[in-house]
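Commentary on secondary and tertiary structure
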Amino acid sequence: MIGDRAVRNVVIVGGGTAGWMAAASLAKILGKSISVTLIESDEIVTVGVGEATVPPLIQLHCYLEINEQEFLAFVKGSIKLGISFENWKNINENYGHMFGKPGKSTWAADFQHFWLRGKELGVHNPLSDYSLESKAAQHNKFIHMPNASLNYAYHLDAGFYAKFLRNIAEKAGASRIEGTVVNVALDEDDYIKSIELASGQIVEGDLFIDCSGFRGLLIEQALHTGYEDWSHWLPCDTAVAVQTESVRDPVPYTRAIAHPAGWQWQIPLQHRVGNGLVYCSRYISDDDAKKLLLENIDGRLITEPKIIKYRTGQRLKHWNKNCVALGLASGFIEPLESTSIHLIFRGILRLIQMFPSAGIRACDVDEYNEQMKVEILNVRDFIILHYHLTNRTDSPFWQYCKNMEIPESLEQRMRMFRETGKVFVKSYELFFESSWIQVMLGQGLIPENYHPVANEMPADDLVKFLADIRAQVNQTLQKMPTHKDYLDFYCKATDWN
Ligand code: FAD
């Protein structure tokens, strides 16, 4: 049993985004104390999607000393300021969930309270008028701002991203074995002892990281960890993905367009567009979904449409014995808010913080699992919110979503916002107050009250305060270049990778 044995050899199974993110991070940060080996099979393709991200990825890139210009040029990436949600509340009504906080908050109360009082005083500008990210997205503009005051993330090509990370991992000393895992050997305590490849090679390790995708080769097939299913709350179970040639300049946001049995994504990169439809197979067949997607995209197809089946939920433990699951092997929440790559990053960060160099201890394992669980449950609730809080009843899918029971944690958050206009988030939450506020308002939940501090300001001052923020946003916007011009200047896609 490994219990008190020092962990020196880390074996990663899988060379998708999760595998190479883990290999690059572990080799770069702990490479002097451990050896990192990654096994990937040329015969088993990666999932090949996963192209929109959230801002904390920039933090991982800082830890890995990644040069942003080189990275964006290599992955042919573009900028993401947020997501445009189209037809979610009602057909033909859109709103944005943008990174960053709209307006100006005070320590006593967030900006929405002042905005709500402004509405009472006849100032009916949408919340997005107070957000530089929203206005820049609407006008297709971007520039890096001082003090990171314009929040952004990336759109990237998943295949190039894995390649980019592989370069970093190998430079930092990680080794790669090409081969297909055919057997996993356990010791007398059911810890993983070694992995056998089709070639007959045996790879031993102290700690195994399962990045084998949906199949969960180690965490599930070998260790039978179990799975918590959330499909009653998130009923979409299939996606069809296809890449197309660009027919216009890339916009600096992801589009999420609701359809009668799911929603469609559009992710513009520098050299092409990633498209897909996420849907519930109870309400639309694969053939009809494919047809619907193809009818709603522009540009010549670059790839054949690919159907991906999934089951929403998470492993009962992300870290079980001497195996940590990352990426799709650990569970999956659909891509509506681009959270999967972020959760891989969070898993890696935690593993490094709790790294069991002197042996695997229950306290580390329990803490890791608890933190992952809290973080993921909050992501889950946030995604359910988009489906449940809708006026749409035009299809059986939307009727189901609108009428389904939701987790008490989400119920409570919606109740608080409805009754008081307030949102509070806890530690480990990816989505801050401003995200919840934008989506709740965008989906049509208008609070009945606002914080009394908004009444402390004389009416004329409040109207001026709001007008000044809008003017400042517009002034800054005027000085910004277009997204396309900025990409060409800063990180034009390279052709040589
Ligand atoms: P995979 O990419 O499936 O890689 C699995 C690896 O395991 C491969 O290298 C394979 O060769 C290897 N392997 C498997 N079996 C064996 C074996 N027997 N022997 C050896 N090797 C083996 N995330 C986001 O953050 N943003 C998004 O916009 C987003 N969109 C998505 C859209 C869809 C439709 C889906 C399904 C997912 C999306 N995701 C998104 C999630 C994202 O794609 C994944 O989190 C990410 O790609 C990581 O995948 P992975 O590395 O875990 O698995």
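Residues numbered from 1 in each chain as written. Predicted model: local features only at pLDDT ≥ 70, side-chain atom pairs only at ≥ 80, totals over all residues. Heavy atoms only, no water.

**Focus: the overall build of the protein**
Broken down by element type, the protein carries 15 helices and 21 strands. Its C-alpha atoms give the protein a radius of gyration of 23 Å, near enough to 23 Å, the size a compact globule of 497 residues would have. Within the protein, buried positions represent 58% of all 497 residues. Relative to all contacts within the protein whose residues are 6 or more apart in sequence, the contacts with residues 24 or more apart total 77%. Carbon and sulfur atoms provide 50% of the accessible area of the protein, an area that totals close to 20,700 Å². Both charge centroids of the protein, one from 49 positive and one from 60 negative side chains, sit 3 Å from each other. (Helix = DSSP H or I, 4+ residues; strand = E, 2+ residues; numbered from the N terminus. Rg over C-alpha atoms; globule rule 2.2 N^0.38 Å. Buried < 20%, exposed > 50% of the residue type's maximum accessible area, 1.4 Å probe, protein only. Contact = heavy atoms within 4.5 Å. Areas by Shrake-Rupley, 256 points an atom, 1.4 Å probe, with all protein chains shown as cover. Lys, Arg positive; Asp, Glu negative; His and termini not counted. Charge placed at Lys NZ, Arg CZ, Asp CG, Glu CD.)

**Quick notes on the nonpolar core**
In a soluble, globular protein the nonpolar side chains are often hidden away together inside. Core analysis: the largest hydrophobic core is formed by 146 residues, its most contacted members being Ile-12, Met-21, Leu-26, Trp-88 and Tyr-387. Broken down by element, this core gets its largest block of residues, 10 residues, from helix H10 (residues 362-388). Excluding residues that lie within four positions of it along the chain, Met-21 makes contacts with Leu-57, Leu-60, Tyr-161, Leu-165, Ile-341, Ile-344, Phe-345 and Ile-348. Formed by 19 residues, the second largest nonpolar core is a distinct cluster that contains Ile-192, Leu-197, Val-203 and Ala-222. (Core = buried A, V, L, I, M, F, W, Y, C linked by side-chain atoms within 4.5 Å.)

**A short note on the site of the ligand**
Surrounding the ligand, one finds 33 residues, the nearest of these being Gly-15, Ile-44, Ala-52, Val-181 and Ile-341. Cys-211 places a polar main-chain atom, nitrogen or oxygen, 3.5 Å from an oxygen atom of the ligand. Bound to the protein, the ligand loses 97% of the 1,000 Å² it would expose on its own. Counting only elements with at least two residues in the shell around the ligand, the list comes to helix H1 (17-30) and helix H9 (340-353). No other element matches the 3 residues that H9 contributes to the shell around the ligand. In terms of residue class, the shell around the ligand is built from 16 nonpolar, 14 polar and 3 charged. Of the domains in this structure, domain 1 (2-51 + 157-229 + 313-360) and domain 3 (238-309) are the two that each give at least three residues to the shell around the ligand. (Near = heavy atom within 4 Å. Polar contact = N/O pair within 3.5 Å; in protein donor to acceptor, adjacent residues only side chain to side chain. Nonpolar A, V, L, I, M, F, W, Y, C, P; charged D, E, K, R; others polar. Domains from an automatic or database assignment.)

**Details of the domain arrangement of the protein**
Each domain of the protein was delimited in the assignment, giving domain 1 (2-51 + 157-229 + 313-360), domain 2 (102-152 + 379-478) and domain 3 (238-309). Domain 2 and domain 3 are separated by 28 Å when their C-alpha centres are compared. Each partner contributes to the interface: domain 2 provides 11 residues, whereas domain 3 provides 13 residues. Buried surface at the junction of domain 2 and domain 3, both sides included, amounts to about 860 Å², of which 61% is carbon and sulfur. By the criterion of area lost to domain 3, the three top residues of domain 2 are Ala-137, Asn-140 and Phe-397, representing 49% of everything that side buries. At the surface where domain 2 touches domain 3, the tally comes to 0 salt bridges. Applying the counting rule to domain 2 against domain 3 returns 3 residue pairs in polar contact (both at pLDDT 80 or more). Listed by contribution, the elements that provide at least two residues to the side of domain 2 that touches domain 3 are helix H5 (132-138) and helix H11 (396-403). In terms of residue count, H11 provides more of the side of domain 2 that touches domain 3 than any other element does, 4 residues in total. In terms of residue class, the side of domain 2 that touches domain 3 is built from 7 nonpolar, 2 polar and 2 charged. (Buried area = accessible area lost by both parts, 1.4 Å probe. Salt bridge = Lys/Arg side-chain N within 4 Å of Asp/Glu carboxyl O.)

**A few points about the pattern of salt bridges**
In the structure shown here, the tally under the stated rule is 24 salt bridges. Across the pair Glu-65 and Lys-28 runs a salt bridge, and its minimum N-O distance is 3.2 Å. One end of the pair, Glu-65, is in the loop between helix H2 (57-63) and helix H3 (68-74); the other, Lys-28, is in helix H1, with 37 residues separating them in the sequence. Taking relative accessible area as the criterion, Glu-65 reaches 64% and is therefore assigned exposed. Owing to a relative accessible area of 34%, Lys-28 belongs among the partly exposed residues under this scheme. Notably, a salt bridge pairs Glu-429 with Arg-413, separated by 2.8 Å at the nearest N-O pair. Within this pair, whereas Glu-429 is found in the loop between helix H12 (408-420) and helix H13 (433-442), its partner Arg-413 is found in helix H12, the two being separated by 16 residues in sequence. Grouping residues by exposure puts Glu-429 and Arg-413 together as buried. One network of salt bridges, in which partners are shared, links Glu-40, Asp-42 and Arg-176.

**Thoughts on the sheet that holds strand S15 (residues 262-268)**
Here 7 strands make up an open sheet; going across it, the order is S5-S4-S14-S15-S16-S13-S17 and the pairing mixed. Both edges of this open sheet fall to strand S5 (94-98) and strand S17 (306-309), since each of them pairs with a single strand only. Strand-to-strand twist in this sheet, taken as the mean axis angle between neighbours without regard to direction, amounts to 20°. Both strand S13 (residues 238-245) and S17 contribute to a ladder of 4 bridges, which runs antiparallel. Bridge pairing in S17 links Thr-238 to Lys-309. (Pairing = 2+ DSSP bridges. Axes fitted to C-alpha atoms, helices over the stretch in contact; angles between N-to-C directions.)

**What to know about unusual backbone geometry**
Phi at Asn-87 is positive, roughly 70°, even though this residue is not glycine. Mapped onto the fold, Asn-87 is located in the loop between strand S4 (82-86) and S5. Backbone geometry at Asp-190 places phi at a positive 65°, although glycine is not the residue there. Within the secondary structure layout, Asp-190 lies in the loop between strand S8 (181-186) and strand S9 (192-197).

**Comments concerning the side chain of Glu-337**
Of note, Glu-337 is situated in the loop between strand S21 (331-332) and H9. It is Lys-80 that comes nearest to the buried, bridge-free Glu-337 among opposite-charge side chains, at 5.8 Å. A polar atom in the side chain of Glu-337 sits 2.9 Å from the side chain of His-97. Excluding anything up to four places from it in sequence, Glu-337 contacts Val-54, Ile-83, Phe-85, His-97, Phe-382, Ile-383, His-386, Phe-431 and Val-439.

**Some words on empty space enclosed by the protein**
The final tally for this structure, using the stated rule, is 2 cavities of 30 Å³ or more. Estimates place the volume of the largest cavity at around 170 Å³. Taken together, 17 residues make up the lining of the largest cavity; nearest its centre are Gly-327, Ser-330, Gly-331, Leu-343 and Ile-376. Every element with two or more residues in the lining of the largest cavity is listed here: strand S18 (313-315), S21, H9 and H10. Counting residues per element, the lining of the largest cavity draws most heavily on H9, which supplies 3 residues. Lys-101, Pro-102, Ser-105, Asp-110, Phe-111, Gln-112, Leu-127, Glu-433, Ser-434, Ile-437 and Gln-438 together form the lining of the second largest cavity. Secondary structure elements with two or more residues in the lining of the second largest cavity: helix H4 (111-120) and H13. Top element by residues in the lining of the second largest cavity is H13. It accounts for 4 residues. (1 Å grid on protein atoms, 1.4 Å probe; cavity = no way out; pocket = protein on both sides within 12 Å on 5 of 7 lines; lining within 4 Å. Points joined across faces, edges and corners; volume = space filled by probe spheres on them.)

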